Amino acid sequence: LLGAVISSTDAASVFSILRSRNLSLKYGTASILEVESGSNDPFSYMLTMIVLQILAGGSVNVPLLLAEQILIGGLCGAFMGKLTGYLMKKAEFTQEGMEIILMIALVLLTYAVPVLLHGNGFLSVYIVGIVLGNTEIRNKRNLVNFFDGLTGLMQMLIFFLLGLLAFPSRLPQVVLPALLIAVFLTFVARPVAVALVLTPFK
């Protein structure tokens, strides 16, 4: 469970660093890094849900659950991406800023529909983001600026909520295991994982 929860990287931080530092990584690795960082959140979510069901004593058909989550989430994301792009091009707005409201409504719908169909809502939203990022729509710059600001706000909110879940009186008993996990992740687990993935490609 611990491995599943901490298996994803912070996509927002990766994107922010790449943009703010104007890092020009070689061999197209910036795009690969963005895809990897953004797409591993849905898989971390799936792994966490699977492990929780197993720990709760439920019977889980892991291959079927993964296929269901990925297939439904992927198809809904691709469909909603095309639909959202079409609507954003065709819609006539009488007031400035209305496109943001429409976009938020469509994003919420993009998450809710696959979840109701037992798919992965996170994956669906991520795919919509990729599709719209490569689609020419009106007021795209305004939308990007708005969602960048919203991302920053959500990051502050999540860390605030995590802080509310932390009890200072319990910190002494968890600080050593937490440090050991961080050291193991940094110097053992991640380097080994990277080596295993890259070895076939030399």
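Look above for the structure.
Being a predicted model, the structure only gives us computed values, none of them experimental.

## Topic: the overall build of the protein chain
For step 1, the next point in the chain: Of the regular secondary structure elements, the protein chain holds 8 helices and 0 strands.
For step 2, the next point in the chain: Beginning at the N terminus, the succession of helices and strands in the protein chain can be written as α-α-α-α-α-α-α-α.
For step 3, the next point in the chain: Considering only C-alpha atoms, the protein chain reaches an extent of 60 × 45 × 45 Å along its principal axes.
For step 4, the next point in the chain: A burial count over the protein chain gives 20% of its 202 residues as buried.
For step 5, the next point in the chain: Long-range contacts, defined as pairs at least 24 residues apart, comprise 71% of the intrachain contacts of the protein chain with a sequence gap of at least 6.
For step 6, the next point in the chain: Approximately 14,100 Å² of the protein chain is accessible, and the part contributed by carbon and sulfur atoms is 72%.
For step 7, the next point in the chain: Across the protein chain, the 12 positively charged side chains and the 10 negatively charged ones have centroids separated by 7 Å.

## Examining the environment of V183
For step 1, the next point in the chain: The residue V183 is located in helix α8 (residues 171-198) in this model.
For step 2, the next point in the chain: Assessed through its relative accessible area of 47%, V183 is described here as partly exposed.
For step 3, the next point in the chain: When the C-alpha atoms of V183 and D41 are compared, they prove to be 22 Å apart, with 142 residues separating the residues in sequence.

## Some thoughts on a nonpolar patch on the surface
For step 1, the next point in the chain: Taken together, the side chains of L153, M154, M156, L157, I158, F159, F160, L161, L162, L164 and L165 present a nonpolar region at the surface, about 1,100 Å² in accessible area.
For step 2, the next point in the chain: Relative to the helices and strands, F160 is located in helix α7 (residues 140-164).
For step 3, the next point in the chain: F160 gets classed as exposed once you look at its relative accessible area, which sits at 51%.

## A look at helix α5 (residues 98-116)
For step 1, the next point in the chain: An ideal rise of 1.5 Å per residue puts 27 Å on 19 residues; α5 measures up with 27 Å between its terminal C-alpha atoms.
For step 2, the next point in the chain: Here α5 has its buried residues at E99, I100, M103, L106, T110 and P114. End-on view of α5: buried residues confined to an arc of 125°, all on one side of the axis. Facing away from the buried side of α5 by more than 90 degrees, the exposed set consists of I101, L108 and L116.
For step 3, the next point in the chain: In this structure, the buried side of α5 is in contact with α4 (62-90), α6 (121-133) and α7.
For step 4, the next point in the chain: A positive phi of about 65° marks H118, the residue just after α5.

Cut-offs and rules
Residues numbered from 1 in each chain as written. Predicted model: local features only at pLDDT ≥ 70, side-chain atom pairs only at ≥ 80, totals over all residues. Heavy atoms only, no water. Helix = DSSP H or I, 4+ residues; strand = E, 2+ residues; numbered from the N terminus. Buried < 20%, exposed > 50% of the residue type's maximum accessible area, 1.4 Å probe, protein only. Contact = heavy atoms within 4.5 Å. Areas by Shrake-Rupley, 256 points an atom, 1.4 Å probe, with all protein chains shown as cover. Lys, Arg positive; Asp, Glu negative; His and termini not counted. Charge placed at Lys NZ, Arg CZ, Asp CG, Glu CD. Patch = residues over 30% accessible without salt bridge, like charges linked within 9 Å, V, L, I, M, F, W, Y side chains within 5 Å. Salt bridge = Lys/Arg side-chain N within 4 Å of Asp/Glu carboxyl O. Expected span 1.5 Å × (residues − 1). Arc of directions from axis to C-beta.

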